[in-house]
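Listed here are the chains, written in short residue letters.
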Number of protein chains: 2
Amino acid sequence: MARLVMKFGGTSVANIERIRNVARHVKREIEAGNQVAVVVSAMAGKTNELVAWCRETSSLYDSREYDAIVASGEQVTSGLLAIALQEMGVPARSWQGWQLPIATDEAHGSARILSVNGDEIVKGFARGEVAVIAGFQGIHEATGRIATLGRGGSDTSAVAVAAGIKADRCDIYTDVDGVYTTDPRIVPKARRLDKIAFEEMLEMASLGAKVLQVRSVEMAMVHKVRTFVRSSFTDPDAPELKTAGDPPGTLICDEEEIVESEVVTGIAFARDEAQVSIRHVPDKPGIAANVFVPLADANINVDMIVQNISAEGFTDITFTVPSTDFERAKAALAGVREEIGYGSVEGATDVVKISIIGIGMRSHAGVAARAFKALSERGINIRAISTSEIKISVLIDAAYTELAVRTLHSVYGLDA
Amino acid sequence: MARLVMKFGGTSVANIERIRNVARHVKREIEAGNQVAVVVSAMAGKTNELVAWCRETSSLYDSREYDAIVASGEQVTSGLLAIALQEMGVPARSWQGWQLPIATDEAHGSARILSVNGDEIVKGFARGEVAVIAGFQGIHEATGRIATLGRGGSDTSAVAVAAGIKADRCDIYTDVDGVYTTDPRIVPKARRLDKIAFEEMLEMASLGAKVLQVRSVEMAMVHKVRTFVRSSFTDPDAPELKTAGDPPGTLICDEEEIVESEVVTGIAFARDEAQVSIRHVPDKPGIAANVFVPLADANINVDMIVQNISAEGFTDITFTVPSTDFERAKAALAGVREEIGYGSVEGATDVVKISIIGIGMRSHAGVAARAFKALSERGINIRAISTSEIKISVLIDAAYTELAVRTLHSVYGLDA
């Protein structure tokens, strides 16, 4: 017997027929002898409808009212799934965020979960009951108001519930059947990973692999919640899901659980960055602050930063920003041109950041060198490089995205 | 300054434009210096959509889950109206039933309100804030689950909130502009009543005038909540609504507040009754129980009961039941035919119950006699009669409905 959290997103509960399908997935786990808490999103399209009404009512809507309105979507699906389960003979009841409660901070619209009280869920298990929990929402206890976690927050709800009830595993049912070494649409030879370490998944999620919300991976890492990404579109009663072996999917887990760690686990890429280069900057103390404080003041998130050693008292600084902030970044720098005394600002939006991720590179030398050599052999120019303990990122021309990803995927032996 | 509750139904909040219109009504009352709590229904059609999903999921759905699902409709409109008010510069916040709380019993799907805690609403008034309250819902506190009051329950919510905050008046904004002496579609000369006593309105509502839910009138009577029925389709900023005089509408109030009480206040009629007559019943003690206990066991609501004195040891018993229960009532009686030993059961569904209502008839003799005489002069046969202190009901052939209602309306001087 295991204690499971099962999470289903909006497309998996888009209509009553699909909700019944979800109920069959749950029933399968109950029949296998497991205790189950389910976390559900709103029916696909419902959240957008509710958000549109808020915007139509006021362009500057109160985020506390927005939360009360938008949280209704998950309220509906939690009730419907409970009914569908009961109809199949599986005892179940719905729980809203405020009923458990799931306590959040006061950042309405993008609140963070502070704690999940799992007592009622566990009591329900003792009665043989499935808990169906409305995802994406909680309550700010001091004010007693509903708070939502921001789009995609149901993943985070699921992991937080799993931590709150000390679940053996948190199953994220999604429209893909796991986490791949890279995007299979770009590299047909990409293969599904059986396991990936929390730290690696955090990098993958941050760097463009859209399987899971970054925040949910952070929470899984902090609370060591074994999180399993699997497909919601398989037949719930398929024989292979009822055998003792592992079902198809990717387990995100502690690195200690991964026996044979590869040097490189995956290749991620992000197309939504822009490069900004400041030429001929006087190299004196405080110059970095002069550049980046105005950007921070403009609430622009700076990612890669590269500054070379100077020549003749001048240096060049290159960094990346979200491409949506490109023009605002240039404007912010123009405002401090005299103060800094730089030569010119150049930039490019047709760039892509490609990242090589793997816990194994901690203990392996030469991982970066192999990437640089392989890219160079394909004639791909590297505009900037940044590295961390388990990640190497390079900025290149967007035109070379596919070539670079396929090359690196092959170089590190990831091809199926 | 007055303390007001304003209630708006589903058609009044059917879309964002209409919600803005509601906000203008509220703003007018705020600008007149009043403290305002608003009670709203779900957007027209939304409750039906949610109910349909419940039914599609299971024909025997859990009424606790149904309540969680269906209550989401009012949750949405309460938030949207709060946003619309804020947009107009009127401070406002939404309140769900569980937030105040509005405590109910455990009869999910048709719960009764046990109490309304108005503390938070009144605190909001002190901050200059409008309370926007989701109608139709409350919480069963022992289980912490959402409970709904049954269709049309928002009227009851409004009256209960008015009692909870000791409001000076509860304004029910609806698609008619008040309570009429009878249905204006049948009697063009029907006129709007300025005032009607609680007891009279209770009879009118019970007997087919569909302006207000019966339960809300009961609650208004018990808590002496002055309830004002008025139109939601007038221009919120119409000059006549901003003058000191009474706006158009009907005040339901204590009879002491009605200075000149008419003998008869209104004529109501109900087409949805069926007549059942049992012929040749042995007249012995316990015979009424023998007839009506089986009907009660079958959960059939018996309305008028007429039993004449017996002749030669036998009597006839006539009563009415909802026409939807007609066949079931006959079947229940067939099952006890031998036990009772009656001759035959006859019945008719093409009947109408017409009622003459007025507190004044308490102190006036001959009110009933005038009705019987007037109907007789028009050749209308009376099938059965039942009376109470403030009401005379007659059962007649449905074909004579219009003629009878117009005749009585005229006889009692109600024509405009």
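Just so we're clear, the structure is a prediction, and the values are computed from it rather than from any experiment.

Remarks on the UniProt feature "binding site: substrate" (unreviewed entry) in chain A
Residues and elements named next belong to chain A. In the numbering used here, UniProt assigns the feature "binding site: substrate" (unreviewed entry) to Thr 47 and Glu 74. Of the residues just listed, which span 28 residues, no C-alpha pair is farther apart than 8.8 Å, and they cluster in one region. Within the element layout of this structure, Thr 47 appears in helix 2 (residues 46–57). Its relative accessible area of 9% is what places Thr 47 among the buried residues. Residue position: Glu 74 is located in helix 4 (residues 72–87).

A word on the interface of chain A and chain B
Every contact between the two is made by 39 residues of chain A and, on the other side, 39 residues of chain B. When the two sides are added together, the surface that chain A and chain B hide from each other amounts to roughly 3,200 Å², 59% of it contributed by carbon and sulfur. Summed over the shared surface of chain A and chain B, the number is two salt bridges. Measuring nitrogen to oxygen at the nearest pair gives 3.7 Å for the salt bridge that ties Glu 49 of chain B to Lys 46 of chain A.

Overview of the packing of aromatic side chains
Inspection of the entire model under this criterion finds seven aromatic pairs over all chains. Ring plane angle 70 degrees and centroid distance 5.1 Å describe the contact between Phe 292 of chain A and Phe 319 of chain A, whose orientation is recorded as edge-to-face. Residue Phe 292 of chain A is found in helix 9 (residues 287–297), and its partner Phe 319 of chain A is found in strand 16 (residues 314–322); the two are separated by 27 residues along the sequence. Residue Phe 292 of chain A shares its accessibility class with Phe 319 of chain A, and that shared class is buried. Measuring from centroid to centroid gives 4.5 Å for Phe 8 of chain B and Tyr 173 of chain B, while their planes differ by 20 degrees, and the two rings are stacked. Residue Phe 8 of chain B is found in strand 1 (residues 3–8), and its partner Tyr 173 of chain B is found in strand 9 (residues 169–174); the two are separated by 165 residues along the sequence. With a relative accessible area of 0%, Phe 8 of chain B lands in the buried category. Residue classification places Tyr 173 of chain B among the buried positions, given a relative accessible area of 1%.

Let's talk about the packing of helix 9 of chain A against helix 10 (residues 326–334) of chain A
Each packed pair of helices is defined by two parameters, the angle between the axes and the distance between the axes. Residue and element names in this part refer to chain A. It is the contact of helix 9 with helix 10, at a shortest axis distance of 9 Å, that shows an interaxial angle of 130 degrees. Here helix 9 is positioned oblique relative to helix 10, judged by the angle of their axes. The handedness of the crossing between helix 9 and helix 10 comes out as right-handed. Residue-level inspection shows Val 291, Pro 294 and Leu 295 of helix 9 in contact with helix 10, the latter providing Ala 329, Ala 332 and Leu 333. Of the residues contributing to the contact of helix 9 with helix 10, the split by class is six nonpolar, no polar and no charged.

A look at the side chain of Thr 57 of chain B
Its location among the elements puts Thr 57 of chain B in helix 2 (residues 46–57). Residue class for Thr 57 of chain B comes out buried when judged on its relative accessible area of 3%. Beyond its immediate sequence surroundings of up to four residues, Thr 57 of chain B is in contact with Ile 16, Arg 20, Leu 80, Ile 83, Ala 84 and Glu 87 of chain A.

Some thoughts on the packing of helix 3 (residues 63–70) of chain B against helix 4 (residues 72–87) of chain B
All names here are of chain B. Contact pair helix 3 / helix 4: the axes reach a minimum separation of 5 Å and the direction vectors enclose 20 degrees. The pairing of helix 3 with helix 4 is recorded here as roughly parallel in orientation. Taken together, the residues of helix 4 that come into contact with helix 3 (itself represented by Ala 68, Ile 69 and Val 70) are Ser 72, Gly 73 and Glu 74. For the contact of helix 3 with helix 4, the per-class residue count stands at three nonpolar, two polar and one charged.

Digging into the environment of Glu 312 of chain A
Residue and element names in this part refer to chain A. Position of Glu 312 among the secondary structure elements: in the loop between strand 15 (305–307) and strand 16. Relative accessible area serves as the criterion here: at 79%, Glu 312 is assigned to the exposed category. Here the alpha-carbon distance between Glu 312 and Pro 282, two residues 30 residues apart in the chain, equals 9.2 Å.

Things to note about the pattern of salt bridges
All names here are of chain A. For the structure on display, the rule yields 60 salt bridges over all chains. One salt bridge connects Arg 185 with Asp 183, and the closest N-O pair in it is separated by 2.9 Å. You can call Arg 185 exposed: its relative accessible area is 75%. Look at the salt bridges and you will find they share partners, linking Arg 28, Glu 29, Arg 169, Asp 171 and Arg 230 into a network.

Re the sheet that holds strand 1 (residues 3–8) of chain A
Residues and elements named next belong to chain A. Strand order in this open sheet of eight strands is 3-6-2-1-9-11-12-10, and the pairing throughout is mixed. Each edge of the open sheet is held by one strand with a lone partner, namely strand 3 (92–95) and strand 10 (195–197). When strand polarity is set aside, the average angle formed by the axes of neighbouring strands in this sheet is 20 degrees. Pairing between strand 9 (residues 169–174) and strand 11 (residues 227–231): five bridges, direction parallel. The partner of Thr 174 across the bridge, within strand 11, is Ser 231. The sheet contacts of helix 4 involve strand 2 (35–40), strand 3 and strand 6 (130–134), and relative to strand 6 the element is tilted by about 160 degrees.

What to know about helix 4 of chain A
In this model helix 4 of chain A runs 23 Å from its N-terminal to its C-terminal C-alpha over 16 residues, within 8% of the 22 Å that 1.5 Å per residue would give. For helix 4 of chain A, the buried fraction is high: 14 of the 16 residues fall into the buried class.

Let's talk about the UniProt feature "binding site: ATP" (unreviewed entry) in chain A
Residues and elements named next belong to chain A. Here the UniProt feature "binding site: ATP" (unreviewed entry) sits at Lys 7, Phe 8, Gly 9, Gly 10, Thr 174, Asp 175, Tyr 180, Arg 185, Lys 210 and Val 211. On the basis of their most widely separated C-alpha atoms, the annotated residues across 205 residues do not gather in one place, lying as much as 25.0 Å apart. Within the secondary structure, Gly 10 is located in the loop between strand 1 and helix 1 (16–31). If sequence neighbours within four positions are ignored, Gly 10 has contacts with Ser 41, Ala 42, Met 43 and Ala 44.

A look at the sheet that holds strand 18 (residues 351–357) of chain A
Residues and elements named next belong to chain A. With respect to topology, four strands assemble into an open sheet ordered 13-18-20-19, the strand pairing being antiparallel. Looking at the sheet topology across the chains shown, the edges are occupied by strand 13 (266–270) and strand 19 (384–388). Each neighbouring strand pair of the sheet contributes to a mean axis angle of 20 degrees, computed without reference to strand direction. Of the strand pairs in this sheet, strand 13 and strand 18 are connected by five bridges, and their pairing is antiparallel. Counted as the bridge partner of Phe 269 is Ile 354 from strand 18. Where helix 12 (residues 367–377) meets the sheet, it contacts strand 18, strand 19 and strand 20 (391–397), and its direction lies at approximately 15 degrees from that of strand 20.

So, how was this worked out
- Residues numbered from 1 in each chain as written.
- Chains lettered and ligands numbered in written order.
- Predicted model: local features only at pLDDT ≥ 70, side-chain atom pairs only at ≥ 80, totals over all residues.
- Heavy atoms only, no water.
- UniProt positions renumbered as here; feature names shortened; annotations may be inferred.
- Helix = DSSP H or I, 4+ residues; strand = E, 2+ residues; numbered from the N terminus.
- Buried < 20%, exposed > 50% of the residue type's maximum accessible area, 1.4 Å probe, protein only.
- Contact = heavy atoms within 4.5 Å.
- Buried area = accessible area lost by both parts, 1.4 Å probe.
- Salt bridge = Lys/Arg side-chain N within 4 Å of Asp/Glu carboxyl O.
- Phe/Tyr/Trp six-rings, centres within 6.5 Å; stacked < 30°, edge-to-face > 60°.
- Axes fitted to C-alpha atoms, helices over the stretch in contact; angles between N-to-C directions.
- Parallel < 35°, antiparallel > 145°, perpendicular 65-115°, else oblique.
- Left-handed = near helix turned anticlockwise from the far one by under 90°.
- Nonpolar A, V, L, I, M, F, W, Y, C, P; charged D, E, K, R; others polar.
- Pairing = 2+ DSSP bridges.
- Expected span 1.5 Å × (residues − 1).

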